[in-house]
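# Structural description and commentary
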Amino acid sequence: MFKIKNKIYWVGVRDWEIKKFHGEEYSTHRGSTYNSYLVRDQKTALVDTVWTPFAKDFVEQLENHVGLRNIDLIVVNHTEQDHAGSLPYIMERNPDIPVYCTKNGANMIKAHFHKHWNFKIVKTGDTVDLGDYKLVFVEMPMLHWPDSMATYVSGANVLFSNDAFGQHYASPFLFDDEVAQDELYQEAIKYYANILTPFSRQVKSKIKEIEALKIPIDIIAPSHGIIWRSKPLDIIKKYNEWSDNFHEGTATILYNTMWGATRKMAQSIAAGLEKGGIPAKLINLGKSDKSDVVTEIFKSKGVLLGSSTINRGILSASAEILEIMRGLKFNGKAGASFGSYGWSGESPGIIEERLAGAGINIIREALKIKYNPGPQELDACESFGEQVAGEIKKLGNN
């Protein structure tokens, strides 16, 4: 139990060992945390719990430090297992505790746990007096689930922001001013790119709504990772930036290769892009972490994807990243496809179709080369990259 402000404590769990999250869809190279918070005023409120595998120790710690019978209410900002997984273990010992959540939250808790507890349904602007402090609830549907909400502690100026502003990042430290800033912001943008990208419109709208309330915010305490206390508004500014068709003016070339021909194409295309004034990064999809790849796509203005043709299709790592891109719905990015083949050559066309289906603006016709590219074909690849660079530049900063 660590104090983060007067009468407010972190009671969460650091998970040093986890390396994959969300059904192994998301890589967590630096581990993660499941942040639970305790507000000990005249009434005691528990804000969120921790993931189910840690429930026993979590509940025992609460019993030892606070006493479950002394918890007056529980706030469930979000019902995923990494947030609400310990709720049944608490309710077994004190089944009458009021559970504050959104309407969708109550329905989802019932669907998860098949229990009908003492639900208190709240909406934006509803409050609960704790004594010196007051909890104020803000609905945040689709950030990133329909049940999501945030809880603001009026009088302490602390925002329990749920999944917004979080990172999958375990550290011996709690606060942003205690950790390496490059690591912190790398994990923050990776989190946004892989989890919140599809909801960027809602992110921008909700930030405007919170700003319109003109509430003072001294601390932003998310559900995962580091707590923002030194300059908490900076991460809000970053979210505003990231939610607005963000890019760094670069191109990312993704490729999958069987015998090296598509890799050679990618290298020459990269040379052409750079000749045309667009910095390029090459990523071999067969050797790269997909969550890190998504982060690079998110930071790019241009996305080019190439694959060898196999069985009239594309290599599996290319198919996987295209499916991820389709779900994330990147906006404002331009792209093209390429690939090598032996006799049928379907891969560039398949990739082009799937890039378009993922919302990528196709700016050049697909490029394909038969067998191993020679000097003339590599020159064509470089010219292709230079032409793509010109098209990306025409699109400007939007």
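In what follows, the accompanying structure is described. (Residues numbered from 1 in each chain as written. Predicted model: local features only at pLDDT ≥ 70, side-chain atom pairs only at ≥ 80, totals over all residues. Heavy atoms only, no water.)

Here we take up the environment of Arg229. Among the secondary structure elements, Arg229 is positioned in the loop between strand 16 (219-222) and helix 7 (232-242). Using a relative accessible area of 34% as the deciding quantity, one classes Arg229 as partly exposed. With 130 residues separating them along the chain, Arg229 and Gly359 place their C-alpha atoms 37 Å apart. If near-sequence neighbours (up to four positions away) are discounted, Arg229 is found in contact with Phe175, Asp176, Asp177, Glu178, Asp218 and Ile219. Among the polar contacts listed, one links the side chain of Arg229 to the side chain of Asp177, at a separation of 3.0 Å. (Helix = DSSP H or I, 4+ residues; strand = E, 2+ residues; numbered from the N terminus. Buried < 20%, exposed > 50% of the residue type's maximum accessible area, 1.4 Å probe, protein only. Contact = heavy atoms within 4.5 Å. Polar contact = N/O pair within 3.5 Å; in protein donor to acceptor, adjacent residues only side chain to side chain.)

Read across the sheet, five strands follow the order 12-13-14-15-16 without closing on themselves; strand pairing throughout is mixed. Two strands in the sheet have a free side with no partner beyond their single neighbour: strand 12 (127-129) and strand 16. Averaged over all adjacent pairs, the angle separating strand axes in this sheet is 20 degrees, with direction ignored. As judged from the three bridges shared by strand 12 and strand 13 (residues 134-139), these two strands associate in the antiparallel manner. (Pairing = 2+ DSSP bridges. Axes fitted to C-alpha atoms, helices over the stretch in contact; angles between N-to-C directions.)

In terms of residue burial, helix 9 (residues 290-299) counts as a mostly covered element, since nine of its ten residues are buried. When helix 9 is considered as a whole, its buried residues turn out to be Lys290, Ser291, Val293, Val294, Thr295, Glu296, Ile297, Phe298 and Lys299.

Time to look at the packing of aromatic side chains. Geometrically, a pair of aromatic rings is defined through the distance of the ring centres and the angle of the planes. If you walk through the whole model with that rule in mind, you get 17 aromatic pairs. Between Trp51 and Phe54, the ring centres sit 6.5 Å apart and the planes meet at 45 degrees, which makes this aromatic pair tilted. In this structure Trp51 comes out as partly exposed when scored by relative accessible area, which is 27%. Residue classification places Phe54 among the partly exposed positions, given a relative accessible area of 25%. Geometrically, the ring pair formed by Phe165 and Tyr239 is tilted, given 4.5 Å between the ring centres and 55 degrees between the ring planes. Note that Phe165 is positioned in the loop between strand 15 (158-162) and helix 5 (181-196) and Tyr239 in helix 7, a separation of 74 residues in sequence. According to the relative accessible area criterion, Phe165 is buried, its value standing at 6%. Taking the ring centre of Tyr133 as reference, the NZ or CZ of Lys7 above it sits at 5.8 Å. A cation over a ring is seen here: Lys333 above Phe298, with NZ or CZ 5.9 Å from the ring centre. (Phe/Tyr/Trp six-rings, centres within 6.5 Å; stacked < 30°, edge-to-face > 60°. Lys NZ or Arg CZ within 6 Å of the ring centre and 35° of its normal.)

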